[in-house]
Amino acid sequence: MASWISMSEACKLLGVQPQTLYAYVSRGKLEVAPDPADTRRRLYRAEDVAVLAKRKQAGRKHETLAANTLFGSEPSIPTALCAFSRGRPYYKGRDAVSMARTATLEDAAQLLWGAERAVDFSSLKSTRSGKPGRDAAFAALASLAAAGHSTGGRLTRVLHAEGQNLVGQLANAFGAWPGAEPLHLRLAKGWKQPAKVAELLRTALVLLADHELTSSAFVARIAASTGASLPACLLAGLTTLSGPLHGDASGRVRALFSEVERLGEDQVLAHYLSNGLSPAGFGHHLYPDGDPRAAALLALFEPPKVISRFIGKVTKLTGLQPNIDVALAALVAHHRLPADAAFGLFATARSVGLLAHSLEQLGVAQVIRPRGRYVGPMPESHDQNAYGETRKA
């Protein structure tokens with residue numbers, strides 16, 4: 001067998017469609033490389049295909065399935081929203097990092113949702129009561145989910161309009177200033193930040209809009225497959241996103257930075273290295289050469305000196321590059337944003353992707369019913385303990 005094979009050969013051996021092949025690649029199960037003869041084409045490592053084919057064949061046997069249910073019931077949900085190629089994320093074929101240089105979250109939503117009209121997250125009146133933050137955000141979504149209507153029998157453009165309102169209200173709950181401006185400007189005003197910081201927020205929001213079939217996207221799709229309302233789908237996804245091994249990983253990084261500022265970067269790093277631990281926020285299973293989202297954001301501002309030195313020393317001594325969680329935590333620290341701002345940015349941005357996955361699932365019209373035990377979709381943050389963890393359906 002040759003070392004590398006074409007897409008058509010890989011699909012034939014595995015008995016899958018190209019979308020499933022992309023899913024295998026994004027989850028690190030299948031290595032891909034450009035075709036030297038035609039850079040527009042991709043080649044797939046034959047050994048990886050052979051391993052997957054063997055496991056798939058074993059999964060078809062009842063006795064093997066009973067003894068090894070992990071692979072047999074592992075979910076495989078094709079998605080055309082986000083894919084990874086050469087260490088970079090793409091939104092429906094568009095380089096997400098390049099897109100973030102000029103696009104707004106509204107632009108990303110129009111692309112990911114397939115909306116015919118421009119998306120508008122403006123909100124002229126805030127219904128939030130009390131202090132802004134995740135408490136207000138989850139309370140607002142829970143109220144909307146309780147009164148929400150099923151997605152069944154409703155036109156896509158109507159669902160798009162509802163989605164716009166949901167994202168706008170979510171941003172308000174995290175402190176966005178009511179108004180008709182793009183969402184990053186509303187957040188900057190609400191957090192009392194100048195236009196320069198608003199540009200950083202815009203970049204971060206676009207970079208975080210989606211990341212293929214993460215745990216939160218998978219949960220949102222399950223909710224959508226049952227006909228649940230859009231706010232219910234979004235609430236399901238965001239509760240999963242709130243975990244420290246996913247969208248709230250920047251909280252762990254923020255705690256790490258507090259230690260660095262209190263004790264000094266050398267003492268903190270020595271503690272981690274002496275115990276064989278990797279500092280939170282460094283490395284990413286999808287980006288072995290470094291998270292391009294983090295690099296793009298960190299290139300736009302200078303983190304506090306002690307944090308900048310710490311990042312440099314971690315990279316030098318471990319070889320691990322900072323991921324997007326480090327970039328978000330550094331952004332919050334540098335501009336003294338609200339304590340919940342990193343999660344607020346992540347949740348608001350990813351609400352676009354979660355709604356996109358929910359809408360895409362509606363087009364599949366299939367109820368997702370995982371059975372037995374399975375290894376779920378990868379968490380987005382780089383925490384080695386999370387990747388081998390078995391979850392029950």
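Residues numbered from 1 in each chain as written. Predicted model: local features only at pLDDT ≥ 70, side-chain atom pairs only at ≥ 80, totals over all residues. Heavy atoms only, no water.

Draft legend 1. Structural detail: the pattern of salt bridges. Overall, the coordinates contain 12 salt bridges when judged by the stated rule. For Lys189, the salt bridge identified is with Glu181, shortest N-O distance 3.0 Å. Assessed through its relative accessible area of 44%, Lys189 is described here as partly exposed. Its relative accessible area of 29% is what places Glu181 among the partly exposed residues. Put simply, Glu265 and Arg309 hold a salt bridge, and the shortest N to O gap is 2.8 Å. With Glu265 in helix α15 (residues 265-274) and Arg309 in helix α17 (residues 305-318), this pair connects stretches of sequence that are 44 residues apart. Accessibility expressed as a relative area gives 8% for Glu265, which makes it buried. A relative accessible area of 43% places Arg309 in the partly exposed class. One network of salt bridges, in which partners are shared, links Glu265, Asp266, Arg309 and Lys313. (Salt bridge = Lys/Arg side-chain N within 4 Å of Asp/Glu carboxyl O. Buried < 20%, exposed > 50% of the residue type's maximum accessible area, 1.4 Å probe, protein only. Helix = DSSP H or I, 4+ residues; strand = E, 2+ residues; numbered from the N terminus.)

Draft legend 2. Layout of the nonpolar core. Counting residues in each nonpolar core, the largest one holds 93 residues, and the members touching the most others are Trp113, Phe121, Leu201, Phe310 and Leu328. Counting residues per element, this core draws most heavily on helix α19 (residues 341-364), which supplies 12 residues. The residues contacting Leu201, other than those within four sequence positions of it, are His184, Leu187, Ala188, Trp191, Leu331, Leu337 and Leu345. The next biggest cluster of nonpolar side chains, apart from the first, holds 13 residues, and it includes Leu21, Tyr24, Leu30 and Val49. (Core = buried A, V, L, I, M, F, W, Y, C linked by side-chain atoms within 4.5 Å. Contact = heavy atoms within 4.5 Å.)

Draft legend 3. How the structure looks around the environment of Leu105. By the element assignment, Leu105 lies in helix α7 (residues 105-113). Judged by relative accessible area, which is 2%, Leu105 ranks as buried. Placed 244 residues apart in sequence, Leu105 and Ala349 show a C-alpha to C-alpha distance of 7.0 Å.

Draft legend 4. Layout of the packing of aromatic side chains. By the definition in use, this model includes four aromatic pairs. Judged by centre distance (6.1 Å) and plane angle (70°), the ring pair of Trp113 and Phe121 falls under edge-to-face. Across this residue pair, the class does not change: Trp113 and Phe121 are buried. When the centroid spacing of 6.1 Å and the interplanar angle of 70° are considered together, the rings of Phe174 and Phe343 count as edge-to-face. Of this pair, Phe174 sits in the loop between α9 (156-173) and α10 (183-190) while Phe343 sits in helix α19; the two residues are 169 residues apart in sequence, bridging distant segments of the chain. (Phe/Tyr/Trp six-rings, centres within 6.5 Å; stacked < 30°, edge-to-face > 60°.)

Draft legend 5. Expanded view of the confidence of the model for the protein chain. Averaged over all residues, the pLDDT of the protein chain equals 86, while 86% of them reach at least 70. The low-confidence segment residues 62-73 (pLDDT under 50) makes 15 contacts with residues lying over four places distant or belonging to another chain. Predicted confidence is poor over residues 372-376, with pLDDT under 50, and the contacts of this stretch with residues over four places away or in other chains come to 22 contacts. (pLDDT = per-residue confidence, 0-100.)

Draft legend 6. Quick look at the sheet that holds strand β5 (residues 88-91). Here three strands make up an open sheet; going across it, the order is β4-β5-β6 and the pairing antiparallel. The open sheet terminates on both sides in strands that have one partner only, identified here as β4 (82-85) and β6 (94-95). Relative to β5, β4 is paired through four bridges, and the arrangement is antiparallel. From the neighbouring strand, Phe84 faces β5, where its bridge partner is Pro89. (Pairing = 2+ DSSP bridges.)

Draft legend 7. Quick look at helix α12 (residues 215-225). Across the 11 residues that make up α12, a large majority, nine, are buried. Phi turns positive one or two residues past the end of α12, at Gly227, with a value near 85°.

Draft legend 8. Looking closely at unusual backbone geometry. Even without being glycine, Arg86 reaches a positive phi, approximately 50°. Mapped onto the elements of the fold, Arg86 is located in the loop between β4 and β5. For Arg86, a relative accessible area of 55% gives the class exposed. Even without being a glycine, Lys92 presents a positive backbone phi close to 50°.

Draft legend 9. Looking closely at the packing of helix α14 (residues 249-263) against α15. The interhelical angle for the contact between α14 and α15, taken along N-to-C directions, is 125°, at an axis separation of 6 Å. On the basis of the axis angle, α14 is oblique to α15. In this structure, α14 contributes Leu256, Glu259, Val260 and Leu263 to the contact, and α15 contributes Glu265, Gln267, Val268 and Tyr272. When grouped by side-chain class, the residues that make up the contact of α14 with α15 number five nonpolar, one polar and two charged. (Axes fitted to C-alpha atoms, helices over the stretch in contact; angles between N-to-C directions. Parallel < 35°, antiparallel > 145°, perpendicular 65-115°, else oblique. Nonpolar A, V, L, I, M, F, W, Y, C, P; charged D, E, K, R; others polar.)

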